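Summary of structural features
Here are the chains, one letter per residue:
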Amino acid sequence: MLDHTPSDMPTTNRPANAGSSLNDSASRLDGPAKVTGAAKYGRDMHLPGALYIAFVRCPYGAATLDSFDEDAARAVPGVVEVEVRGKEGKFHGQTLGRIVAESPMAGKRALRALRCRWTRKAVRTSIADSVDALPEPSDRASSALDGAELKLEAVYTTPVQPHSCLETHGGAVEWKGDKAMVYASTQGTNAAREGLDKHLNLPQSSVEVVCEYVGGGFGSKLGGPSKELQAAAAAAGKYKRSAYGFSNRSEEQIDTGMRPSSQTLARVAFTKDGTITGGEIHTWGGVGVARGGGGCNVRAGRYKLGIKKAGHEDVGHNGGGPMPARAPSFPQGAFAEELLVDEIAFACGMDPLALKRKLVGQDVYREMFDLGAKMIGWEKRKATGSQTGTVRIGYGIGTASWHSASPGGEAAVVVHQDGSVEALTGTQDPGTGTRTTMGIAAASSLGVPLDLVAVRIGRSGLPRGPASGGSSVTPMIAPTMMDAAEHAKEQILEIVATAAGAPDARAFDIVDGVITRDGKRHMAWADACRRLPAEGITARNRGRAANGKGGNEGVQFVKLSVDAETGVVHPLHVVAIQSCGRVIFRKGAESQVIGAVIQGLSNALFERQVFDRNVGTVLNDNLEAYKILGPYDMPHIEPVLWTHGQTGVRGIGEPPLVATSGAVACAVFNAVGAPVRDLPMTPDRVLGALAGKGGRS
Amino acid sequence: MPEDPKLHRPVARNEGTRLVGEPGGPGGPGGAGGVSRRSFIKTVGVSAAASSLAAAAQGAGVLGAHLDEPEAKGSGPAMLGPEAANITLNINGKSTPVRVEPATTLLEALRLHLSMTGAKEVCDRGACGACSVLVDGRLVTACMLLAVDCIGSKIVTVEGLASADGKLDPVQEMFIKHDALQCGFCTPGFVVASRALLNTTPKPTLTQIKRALSGNICRCGTYSNMFNAVLEASGQAPVMDQKGA
């Protein structure tokens, strides 16, 4: 096999105009716990004497539970409770009952002993099953299309893609008689506590949620306690014992939320120079049994297409409901939009880079295009459809936009007499690096080394912090944490100034853990802290947090190879330029960009939940048939943190994911000369496109 | 309900157990420990009479195919099951008693019975590598092995990679340095798989690293940092190091 990684290329590039990050060298504070296996996730909390939850689930897309043998299930050794509450299943994985058992094995045996008998019903498993015909163009669009120099009508689709968190959804409850500790796997530590008091029959003040580590969430662990955790809490409250409720892998893939499927219909009229003169865009979202949540955001501030979005419709089918999925609705729309623009450029005989330069709304995109084109080697790109060999190389461009959050929430910084520091806020770290980001924010504003700071997050009862969603945590709580740290610094310097008999504390500062006076060394940090009161000082944020200028734009360039005989697409090189404001934790920020690109590549090339269209059962509710990009599929990825002129803090978790799948689609189009308008771009679809069949399957 | 893979374990699934160490090579079989095919059949066969492992016993020739050391170590084949039995496992150099049912996997024994939760349960069918451990030097997924299958073997988990005084394995140090982890749930599996690679291939190429780690899945997307970590842990320059600024 070829080694696709050019060895002379750096992973990390910072443009010459980049500002410095607050900390370039810091490593993740929880790294040692995670690499040694010492980190205890909720899923790891197998408590002595705990009860285990197993769910009775519908195995088909739609079915009625005709009969079951409750007595046999109850007779299985170790079974405590069998409860079947519903008879009508509307998707594969829907919970219709539960088993409470002394061990996971007893629960599994009880499910088998239950011997459920089902009558299947007709199912709909896709948007196409529910949308019979494409809508007629509006009068306005019709007149634009009728008189057009050139026109294009195309349908783009993306599949259901489950988040596939490696730590499944759920929680463990430790029953302590008059109180309960809840070890939840959640993106919202405080939200995860809501309602558990009623299940546990304890006052809310006696229910503490602990969420030190979270094995991935990507949006699916937002929004209150999961049903698995609620079931565990109910069992704990009823039997006054510890309880454990986590989904297994199959359940995780089919009933914990997913990125909804989408369909985009574009009808565009344009001139030979690439000027769009009219048209319309319809979008649909496949939302399973949910009522909404199927966004497909085609125009999110990237290109000025100048055509109206004719409407969006959420379409139900026999599948699990969606949950916010890393940049919800954005990648689906961006995939359609990027490929649409490239198809227009092709029809006009234009370089898509030139057309995209023309259509983008902001100059920063053009600057990013220039840098990215140079880094990827755009000048080596061959005209779309001009290659004839077996291995064909394609280049593509994707763009990203996002929004920011304002400072908010609460944080506290505690400085102890021994000089150690605690930074507290009620948020959590689902892999985003938030723990380390908070530590660096506190340490840098206080003026002390990071290793003095212990970060306290992931517990209820801490100062109110944000849920991990919308890439909002860092822009919200980092300035707030800095505000609290500056407040602590002022209090310490007052004490130091008073002790020195100085009239004005403003002559003092803390730099790299040393107290200075008029810029010269005054005393050691440890000596200053010895003057603090016995309880140390606790400083809260004072509402002075501000967030300066910053952007959320991104541009990605993808280079890939397509094997024209097998249809296999292999990504070779990705340049990911991402505006993210002032960088706090550089290694973590780069990892977020790399991770988003990898998820985007995986979404573009591999991931698709497959339903049996006759019975509605999900056929790949596992991790071998639901393919996720692995080490051998890896291209060379260069993250570029674009900090030019930016003083404010911005989030970076989601925006880089927006650009990737569209860039891949454009690169495949460039390589093979025909668009693949359906994700994932699997070999059969690529071969279909090559054979001139439009790539649909 | 979908069939539970653990109750009806198709025999062929055990072929998913990854064997990184080549026979006779460093880290490969032929070292200490091991369970003979004979003792394995006896061990499993007894329990199979009364359990759903009957299919496994019929296929024991296949099951035992990668465990065919010439002789059993220790005091000969034990007669276990069908009830839970007390066994002793050698984990990270310590003799560790544990009471397990014959159908209990090594992963369940570690996580449920011994509170050793470094190895993670993610796919529970050998597809993701999150529960990777070393058994007699070989890289295996602990969800695909029965605990009784490991009697007499030397088991090393992620908790056993650091030295007794707490000094981290170079792989662990470099994973931290290169930020080769995000949520961290796949990390123990990747660390163990990387250690297994370096045991057999002290200076792997980037391609060898990619191939060796291909039994593992990371959902956050951290692979390139892992490649750098393994390169530097093996005394090589990270291919994709920072050159900007």
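Heads up: these notes are all about the structure in this document. (Residues numbered from 1 in each chain as written. Chains lettered and ligands numbered in written order. Predicted model: local features only at pLDDT ≥ 70, side-chain atom pairs only at ≥ 80, totals over all residues. Heavy atoms only, no water.)

Right, let's talk about the overall build of chain A for a bit. Of the regular secondary structure elements, chain A holds 17 helices and 27 strands. For chain A, the spread of C-alpha atoms along the three principal axes comes to 85 × 75 × 50 Å. A buried classification covers 64% of the 697 residues belonging to chain A. The contacts of chain A with a sequence gap of at least 6 include a subset with a gap of at least 24, amounting to 79%. (Helix = DSSP H or I, 4+ residues; strand = E, 2+ residues; numbered from the N terminus. Buried < 20%, exposed > 50% of the residue type's maximum accessible area, 1.4 Å probe, protein only. Contact = heavy atoms within 4.5 Å.)

This brings us to the interface of chain A and chain B. Counting from both sides, the interface comprises 73 residues of chain A and, opposite them, 66 residues of chain B. Here chain A and chain B share an interface that buries about 5900 Å² over both sides, 56% of which is from carbon and sulfur atoms. Put simply, chain A and chain B have 29 residue pairs in polar contact (both at pLDDT 80 or more) between them. Elements that contribute at least two residues to the side of chain A that touches chain B include exactly helix H1 (31–36), strand E1 (51–57), helix H3 (104–113) and helix H15 (586–605) of chain A. With 11 residues, the top contributor of residues to the side of chain A that touches chain B is H15(A). A breakdown of the residues in the side of chain A that touches chain B according to their chemical character gives 28 nonpolar, 25 polar and 20 charged. (Buried area = accessible area lost by both parts, 1.4 Å probe. Polar contact = N/O pair within 3.5 Å; in protein donor to acceptor, adjacent residues only side chain to side chain. Nonpolar A, V, L, I, M, F, W, Y, C, P; charged D, E, K, R; others polar.)

This part is about the pairing of strand E19 (residues 421–424) of chain A. Residue and element names in this part refer to chain A. Every second residue of E19 is oriented toward a common face, with Val421 and Ala423 on one face and Glu422 and Leu424 on the other, all of them buried. Count of turn residues in the strand E18 (residues 412–415)/E19 antiparallel hairpin: 5 residues, of which glycine 419 carries a positive phi of about 90 degrees. The β-α-β motif built from E19, the intervening helix H12 (residues 434–446) and the parallel element strand E20 (residues 453–456) has right-handed crossover chirality. (Pairing = 2+ DSSP bridges. Right-handed = clockwise from strand over helix to strand, strands pointing away.)

Since one α-helical turn is 3.6 residues long, residues separated by three or four positions face the same way. Its 27 residues place the ends of helix H13 (residues 473–499) of chain A 39 Å apart at the C-alpha level, agreeing with the 39 Å of an ideal helix rising 1.5 Å per residue. Following H13(A) by one or two positions, Gly501(A) has its phi on the positive side, about 70 degrees. (Expected span 1.5 Å × (residues − 1).)

A separate point is the nonpolar core. With 128 residues, the main nonpolar core has Phe557(A), Phe175(B) and Tyr223(B) as its most contacted residues. Counting residues in hydrophobic clusters, the runner-up holds 44 residues, among them Ala26(A), Val455(A), Ile515(A) and Ala539(A). (Core = buried A, V, L, I, M, F, W, Y, C linked by side-chain atoms within 4.5 Å.)

Function-wise, these values are silent; they only describe arrangement.
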